[in-house]
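A look at the structure
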Amino acid sequence: MLRTFLYLIGSIFVIALMRGVIGIVTKGVAQLFEEEAAADKTASGKQPSKEGFGGELVKCPSCGVFFPPAKARQRSVQGQTLSFCSEDCKAKLAV
Ligand SMILES: [Zn+2]
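My aim in this report is to walk through the structure given alongside it, one point at a time. Being a predicted model, the structure only gives us computed values, none of them experimental.

**Some words on a negative patch on the surface**
The grouping of Glu34, Glu35, Glu36 and Asp40 at the surface amounts to a negative patch. For Asp40, the position within the fold is in helix α1 (residues 2-44). According to the relative accessible area criterion, Asp40 is exposed, its value standing at 51%.

**A closer look at the coordination of the zinc ion**
Protein-derived coordination of the zinc ion comes from Cys60 (SG), Cys63 (SG), Cys85 (SG) and Cys89 (SG), at a distance range of 2.3 Å. Considering all four donor atoms around the zinc ion, angles at the metal cover 104 to 114° and the coordination shape is tetrahedral. Read in sequence order, the donor residues for the zinc ion give the motif C-x2-C-x21-C-x3-C. With Cys63 in the loop between β1 (58-59) and β2 (66-67) and Cys89 in helix α2 (residues 87-92), this residue pair connects regions lying 26 residues apart in the sequence. On the accessibility criterion, Cys63 (40% relative accessible area) is partly exposed.

**Focus on the pairing of strand β4 (residues 80-84)**
Of the strand pairs in this sheet, strand β3 (residues 73-77) and β4 are connected by five bridges, and their pairing is antiparallel. Across the sheet, residue Ser76 finds its bridge partner in β4, namely Thr81. If you look at the hairpin formed by β3 and β4, you'll find two residues sitting between the two strands, and Gln78 has a positive phi there, around 50°.

**Remarks on the pattern of salt bridges**
Pairing is possible between side chains of opposite charge, provided their charged atoms come close. Taken as a whole, this structure holds two salt bridges when the rule is applied. One salt bridge in this structure joins Arg73 and Glu87, with 3.2 Å as the shortest N-O distance. One end of the pair, Arg73, is in strand β3; the other, Glu87, is in helix α2, and 14 residues separate them in sequence. Using a relative accessible area of 32% as the deciding quantity, one classes Arg73 as partly exposed. Judged by its relative accessible area of 43%, Glu87 falls in the partly exposed class. With a closest N to O distance of 4.0 Å, Lys90 and Glu87 form a salt bridge. In this pair, Lys90 and Glu87 are both assigned in helix α2, three residues apart and thus about one turn of the helix distant. Overall, the relative accessible area of 24% leaves Lys90 in the partly exposed class.

So, how was this worked out
Residues numbered from 1 in each chain as written. Predicted model: local features only at pLDDT ≥ 70, side-chain atom pairs only at ≥ 80, totals over all residues. Heavy atoms only, no water. Patch = residues over 30% accessible without salt bridge, like charges linked within 9 Å, V, L, I, M, F, W, Y side chains within 5 Å. Areas by Shrake-Rupley, 256 points an atom, 1.4 Å probe, with all protein chains shown as cover. Salt bridge = Lys/Arg side-chain N within 4 Å of Asp/Glu carboxyl O. Lys, Arg positive; Asp, Glu negative; His and termini not counted. Charge placed at Lys NZ, Arg CZ, Asp CG, Glu CD. Helix = DSSP H or I, 4+ residues; strand = E, 2+ residues; numbered from the N terminus. Buried < 20%, exposed > 50% of the residue type's maximum accessible area, 1.4 Å probe, protein only. Donors = N, O, S within 2.8 Å, 3.2 Å for Na, K, Ca; no water. Tetrahedral: all angles 85-135°; square planar, octahedral: opposite > 155°, others 65-115°. Pairing = 2+ DSSP bridges.

This is how it looks when you write it as structure tokens:
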């Protein structure tokens, strides 16, 4: 009788412990996924608004992508200096 009682208490304790561990693990995994989702959002935002990116972004006149001016490839077109996102775009734009 005492043995059955102890088994019962023991299994309840083990189940409680496992549920706690599973809870911590699922929470950790959920957090990990949330972080990944947030990272994906920033990475896949091809047309971000200007605010929140810590600086001005310029629009590529060839493909329309916004990019930081530091990466610009410049080319003079009809007296205007245009900034392109890549050498490809720079070559692609017909004048
Ligand atoms: Zn481009």
